[in-house]
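Listed below are the residues making up each chain.
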Amino acid sequence: MASEWHETPLEDCMEAIIDYRGKTPRKTANGIPLITAKIVKGGRINTPEEFIDPDEYDSWMTRGLPQAGDVVMTTEAPLGEVAQLDGKKVALAQRLITLRGKPGILDNTYLKFILQSDFVREQLFGRATGTTVIGIKQSELRKIKLPLAPFQEQRAIAQVLGNLDDKIELNRRMNATLEAMARALFKSWFVDFDPVRAKAEGREPEGLAPEIAALFPDGFEDSELGEIPAGWEAKNWGNLVSLEYGKSLKGYSEGNNDYPVYGTNGKIGTHSRPLCNHSGIIIGRKGAYRGVHYCSTPFFVIDTAFYVEPKKAVELRWAYYVLLGQDINSMDSGSAIPSTSREDFYSLPVLYPPFKIQAAFARKLAPLWAKQEQNDSESRALATLRDALLPKLLSGELRVLAVGSKLLNEVAA
């Protein structure tokens, strides 16, 4: 650690520590967003899904009000996730603690990054208690030593690392917009049947090339699913695909191998060989949350999930968007652990359009998905750079003010 750096107990450099543990607010369907531990993840706050009544805000938030720039940290289940608040009015739930550095002593953005450093996290988990659920008491958190750079150096470090996080966040938002566009097109073609309705009314389908418009029928017919486009078929998933079991695997969280590994909640690591030799769909099999995921490369699936193999002509990109709308997570075979059974899945109804329409959907959106993957690749590179810079900057091994923040920002650009 550089000579100007010094270690200071957390409690000595805090202007405010706001802790709402031990209290549970009354939730409402809308109102003021409630920041809970489960939405603080990966250095950011996901979209809140819980709220409190604005009329009850003042009576609930009696232990302190959050400010723009404050850092929130989860204190258990999970321990140690951090994010920074913006200026929006929010309420704070249990299992969170809010930290605000003393002006001129500790920059809040610098605080966010040092809380993610190995130096601080080793102390955090070293002072934690519990076995099944690991958490830390406020009295122990206060004793954790923070490596403090000179204040101007803190701000320079925060700017360099913050710029990297901002670019990662921009890519995330861009991908969310692209995903919304993909879902809107799926809904137009396969849920609202806009091209079919247009042709049934004697209009040209809006925005479609003639060769694609020609694939859609110009009328509807009755079926066991209700009125459907003529020539499309009412099926069950068991008619179209099979669910294949994943396999037990160890060591997938280590190293950086060629093939992604998926579990019930999504990607969890990499492996040297795939279980599924093509791009495809992963469906959660066990657990409270059983998601539906798409992987654009061959992949491995562990034994908490299935992967999908077509039994007839099925475009898996199309099938993925159908499955997203079928609430797989609500299916439960009734065992001790919430789980999805193959029999229940196979009985789910599905409207099966001709394969040429499924394939046209995939071709039309291929550039969009390619852009998403490009953004993801860039974000991974930026995160790798940030993680490499973090210990060097926070220890003083690399001095921003000496090297120049402009130069480092250019490297990060």
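Residues numbered from 1 in each chain as written. Predicted model: local features only at pLDDT ≥ 70, side-chain atom pairs only at ≥ 80, totals over all residues. Heavy atoms only, no water.

**Comments concerning the sheet that holds strand β3 (residues 32-35)**
Within the open sheet, the three strands sit side by side as β6-β3-β9. Their pairing is mixed. Edge positions in the sheet fall to β6 (51-52) and β9 (91-92), since each has one partner strand and no second. Where β3 lies against β9, two bridges are found, and the strand directions are parallel. If you follow isoleucine 35 over to β9, its bridge partner there is leucine 92. (Pairing = 2+ DSSP bridges. Helix = DSSP H or I, 4+ residues; strand = E, 2+ residues; numbered from the N terminus.)

**Re the packing of helix α5 (residues 151-191) against helix α9 (residues 316-324)**
Where α5 contacts α9, the two axes come as close as 11 Å, and the packing angle between them is 90°. In terms of their interaxial angle, α5 and α9 are classed as roughly perpendicular. The residues of α9 that touch α5, namely those facing Glu179, Ala182, Arg183, Phe186 and Phe190, are Trp318, Tyr321, Val322 and Leu324. A class-by-class count of the residues in the contact of α5 with α9 yields seven nonpolar, no polar and two charged. (Axes fitted to C-alpha atoms, helices over the stretch in contact; angles between N-to-C directions. Parallel < 35°, antiparallel > 145°, perpendicular 65-115°, else oblique. Contact = heavy atoms within 4.5 Å. Nonpolar A, V, L, I, M, F, W, Y, C, P; charged D, E, K, R; others polar.)

**What to know about α5**
Here α5 spans 56 Å end to end across 41 residues, near enough to the 60 Å set by a 1.5 Å rise per residue. Among the residues trailing α5, phenylalanine 193 stands out with phi positive, at a value near 55°. (Expected span 1.5 Å × (residues − 1).)

**Comments concerning the pattern of salt bridges**
Going through the model one piece at a time under the given rule, you end up with 22 salt bridges. We note a salt bridge from glutamate 153 to arginine 399, for which the minimum N-O separation is 3.5 Å. Of this pair, glutamate 153 sits in helix α5 while arginine 399 sits in the loop between α11 (355-395) and α12 (400-403); the two residues are 246 residues apart in sequence, bridging distant segments of the chain. Residue class for glutamate 153 comes out buried when judged on its relative accessible area of 1%. (Salt bridge = Lys/Arg side-chain N within 4 Å of Asp/Glu carboxyl O. Buried < 20%, exposed > 50% of the residue type's maximum accessible area, 1.4 Å probe, protein only.)

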